[in-house]
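Listed below, chain by chain, are the residues.
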Amino acid sequence: QVQLVESGGGLVQTGGSLRLSCAASGRIFGINAMGWYRQAPGKQRELVATITSGGITNYADSVKGRCTISGDNARAAVYLQMNSLKPEDTAVYYCNVDHFGGDYWGQGIQVTVSP
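Residues numbered from 1 in each chain as written. Predicted model: local features only at pLDDT ≥ 70, side-chain atom pairs only at ≥ 80, totals over all residues. Heavy atoms only, no water.

**Student:** Please clarify how the pattern of salt bridges should be interpreted in this entry.
**Tutor:** Opposite charge on two side chains lets them pair, provided their charged atoms get close. With the rule as written, the count across this model stands at four salt bridges. R38 is the partner of E46 in a salt bridge, and the nearest nitrogen-oxygen pair spans 2.7 Å. R38 gets classed as buried once you look at its relative accessible area, which sits at 6%. In this structure, K64 engages D61 in a salt bridge whose closest nitrogen and oxygen atoms are separated by 3.2 Å. Here the salt bridges do not stand alone but share partners, grouping R38, E46, R66 and D89 into one network. (Salt bridge = Lys/Arg side-chain N within 4 Å of Asp/Glu carboxyl O. Buried < 20%, exposed > 50% of the residue type's maximum accessible area, 1.4 Å probe, protein only.)

**Student:** I'm lost on the state of the cysteines in this one. Help?
**Tutor:** Applying the stated rule across the entire model yields one disulfide. Unpaired in terms of disulfides, C67 finds its nearest cysteine sulfur in C95, a separation of 15 Å. (Disulfide = S-S within 2.5 Å.)

**Student:** Explanation requested: the side chain of S21 in the structure shown.
**Tutor:** Inspection of the secondary structure assignment puts S21 in strand β3 (residues 18-24). Not counting chain neighbours up to four residues away, the residues in contact with S21 comprise V5, E6, S7, W36, V78 and Y79. (Helix = DSSP H or I, 4+ residues; strand = E, 2+ residues; numbered from the N terminus. Contact = heavy atoms within 4.5 Å.)

**Student:** Hey, could you run me through the environment of V5 in this one?
**Tutor:** Checked against the element boundaries, V5 lands in strand β1 (residues 4-7). Along the sequence, V5 and G108 sit 103 residues apart, while their C-alpha atoms lie 8.4 Å from each other. Excluding residues that lie within four positions of it along the chain, V5 makes contacts with S21, C22 and A23.

This is how it looks when you write it as structure tokens:
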């Protein structure tokens, strides 16, 4: 069973930066898209950014201009560079790989932005 492993989270001050990484433990074929989602306490999981296998990106309005998603289809790896972080970015961040057979989710990684 392939697993997605996230890294790069942690505690940062307002205005700081973090780079999240997510890599699969094995090969994933037929990738359609990869992405990052987040869930803050008491809120539903929401999309942060996605990137298709062709490199088309999509961002939530709340992170446009502050975040950049990139991916490596061959390695089933996806990255999220987050700049100018705000306290409202505090959440558990999950990576996702959507492939022809379904999708995989990471276990989540905490990002905390202090005021």
